[in-house]
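Residue-level structure breakdown
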Amino acid sequence: MISRKIKFAFFSIFALLIVSSTAIADSMTINGSGGDYSYEIWRTTDNKSYYLKVWERQSNRQGAPLYTVRNFDSTGEALDYFDCYYVRKSC
């Protein structure tokens, strides 16, 4: 009887840890392309900052990004950075 309670408690805690760790993840907010590059802008789990992932356009966002730039305060700031440094629009 005690063995069953211990097993149940162990598996319950294990299941909660798995669900908790998979539920906590960054989320993509926007994606697009410009010039020779495509991008994704992601929001961190804590909703405090954003980061930009950049690929060469022909790669179709497959595999690891060519560049990852972190710590933007908004999607607009990350998009401005992309436009300035990758699309070469005037900054």
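What comes next concerns the included structure. Because the structure is a prediction, the values reported are computed rather than measured. (Residues numbered from 1 in each chain as written. Predicted model: local features only at pLDDT ≥ 70, side-chain atom pairs only at ≥ 80, totals over all residues. Heavy atoms only, no water.)

Turning our attention to the overall build of the chain. Counting its secondary structure elements, the chain contains 2 helices and 4 strands. Traced from its N-terminal end to its C-terminal end, the chain shows the element sequence α-β-β-β-β-α. A total of 91 residues make up the chain; the buried ones form 24% of that total. Summarising the internal contacts of the chain: among those between residues at least 6 apart in sequence, 22% fall at separations of at least 24. Carbon and sulfur atoms form 55% of the exposed surface of the chain, whose accessible area is close to 6,800 Å². (Helix = DSSP H or I, 4+ residues; strand = E, 2+ residues; numbered from the N terminus. Buried < 20%, exposed > 50% of the residue type's maximum accessible area, 1.4 Å probe, protein only. Contact = heavy atoms within 4.5 Å. Areas by Shrake-Rupley, 256 points an atom, 1.4 Å probe, with all protein chains shown as cover.)

What follows covers the pairing of strand β2 (residues 37-43). β2 sits mainly inside the fold: 5 of its 7 residues count as buried. Pairing between β2 and strand β3 (residues 50-56): 7 bridges, direction antiparallel. Paired with Y37 across the strands is E56, a residue of β3. From the end of β2 to the start of β3, which pair antiparallel, there are 6 residues, and N47 there has a positive phi angle of about 60°. (Pairing = 2+ DSSP bridges.)

Before going further, it helps to examine the state of the cysteines. Applying the stated criterion across every chain yields a total of 1 disulfide. One disulfide in the model links C84 with C91; its S-S distance is 1.5 Å. Across the disulfide from C84 to C91, rotation about the S-S bond amounts to roughly 110°, and the bridge is consequently right-handed. (Disulfide = S-S within 2.5 Å.)

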